[in-house]
Amino acid sequence: MLGRAQLQAVVEHRPQHFGERPDLYHSDAIFLMDIDADTALEAFRPREGVDEIWAGEGVIYSQRLSAELTKSRLSAIAASPLYKSMTIRSWNTTRKLWDLLPE
């Protein structure tokens, strides 16, 4: 289970401007369980001009150009054996979870 401090770090240490343009991008937080970001990145094959990914502590940040959504390779990670160690939440959901956590 993700603790308050971990979720706070995910929200506070996101890449600059990540999640701030929902009109242009679909943004997701891919939470990692028992796997480090460098290993998890092996499952990703971002398509240039469509997908962008950034490694964080216990998370991969993923952003997909909405106009090219059908060309995104994000769904391809489900075929990787590494996927069993990940869970994907939209950035909107991630922010809502953060807002709901008691201080």
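Calculation criteria
- Residues numbered from 1 in each chain as written.
- Predicted model: local features only at pLDDT ≥ 70, side-chain atom pairs only at ≥ 80, totals over all residues.
- Heavy atoms only, no water.
- Helix = DSSP H or I, 4+ residues; strand = E, 2+ residues; numbered from the N terminus.
- Contact = heavy atoms within 4.5 Å.
- Core = buried A, V, L, I, M, F, W, Y, C linked by side-chain atoms within 4.5 Å.
- Buried < 20%, exposed > 50% of the residue type's maximum accessible area, 1.4 Å probe, protein only.
- Phe/Tyr/Trp six-rings, centres within 6.5 Å; stacked < 30°, edge-to-face > 60°.
- Polar contact = N/O pair within 3.5 Å; in protein donor to acceptor, adjacent residues only side chain to side chain.
- Salt bridge = Lys/Arg side-chain N within 4 Å of Asp/Glu carboxyl O.
- Pairing = 2+ DSSP bridges.
- Axes fitted to C-alpha atoms, helices over the stretch in contact; angles between N-to-C directions.

So, about the environment of Glu-52. Within the fold, Glu-52 resides in strand S2 (residues 51-56). Measuring from C-alpha to C-alpha, the distance between Glu-52 and Ser-27 comes to 9.5 Å, with 25 residues separating the pair along the chain. Beyond its immediate stretch of four places on either side in the chain, Glu-52 contacts Tyr-61, Ser-62 and Gln-63.

For the rest of this paragraph, the subject is the nonpolar core. Ile-30, Leu-32, Ile-35, Ala-37, Ala-40, Ala-43, Phe-44, Ile-60, Leu-74, Ile-77 and Met-86 form the largest nonpolar core, which has 11 residues in total. Among the elements of the structure, strand S1 (25-32) and helix H2 (37-40) are those that each provide at least two residues to this core. Grouped together as the second largest cluster of nonpolar side chains are 10 residues, Val-10, Phe-18, Ala-29 and Tyr-61 included.

Under the defined criterion, the tally for this structure stands at 4 aromatic pairs. With a centroid separation of 5.8 Å and an interplanar angle of 85 degrees, the aromatic rings of Phe-18 and Trp-54 are classed as edge-to-face. Note that Phe-18 is positioned in the loop between helix H1 (4-12) and S1 and Trp-54 in strand S2, a separation of 36 residues in sequence. On the basis of relative accessibility, which here comes to 1%, the residue Phe-18 falls in the buried class. When its relative accessible area of 27% is taken as the criterion, Trp-54 is described as partly exposed. With a centroid separation of 5.2 Å and an interplanar angle of 70 degrees, the aromatic rings of Phe-18 and Tyr-61 are classed as edge-to-face. Here Tyr-61 lies in strand S3 (residues 59-65) and Phe-18 lies in the loop between H1 and S1, a separation of 43 residues in the sequence. Among the aromatic residues, those joined into a ring-pair cluster are Phe-18, Trp-54, Tyr-61 and Trp-91.

Another point: the environment of Gln-16. With respect to the helices, strands and loops of the structure, Gln-16 is situated in the loop between H1 and S1. For Gln-16, a relative accessible area of 69% translates into the label exposed. In this structure the C-alpha to C-alpha distance between Gln-16 and Ala-37, which are 21 residues apart in sequence, comes to 18 Å. A polar atom in the side chain of Gln-16 sits 3.2 Å from the side chain of His-17.

Let's shift gears to the pattern of salt bridges. Across all of its chains, the model carries 4 salt bridges by this definition. Of the charged contacts, one joins Asp-23 and Arg-21 as a salt bridge, the two residues approaching to 3.0 Å between their closest N and O atoms. Overall, Asp-23 belongs to the exposed group, its relative accessible area being 53%. A salt bridge links Lys-71 to Glu-68, with the shortest nitrogen-to-oxygen separation between them at 3.2 Å.

Taken in spatial order, the 4 strands of this open sheet run S2-S3-S1-S4, and their pairing is antiparallel. Of all the strands in the sheet, the pair left with one neighbour each is S2 and strand S4 (86-90). The mean angle between the axes of side-by-side strands here comes to 20 degrees, regardless of whether they run parallel or antiparallel. Summarising the sheet, S1 and S3 pair through 7 bridges and their orientation is antiparallel. When the bridges of S3 are listed, Ala-29 appears paired with Tyr-61. The sheet contacts of helix H3 (residues 91-100) involve S1, S3 and S4, and relative to S4 the element is tilted by about 90 degrees.

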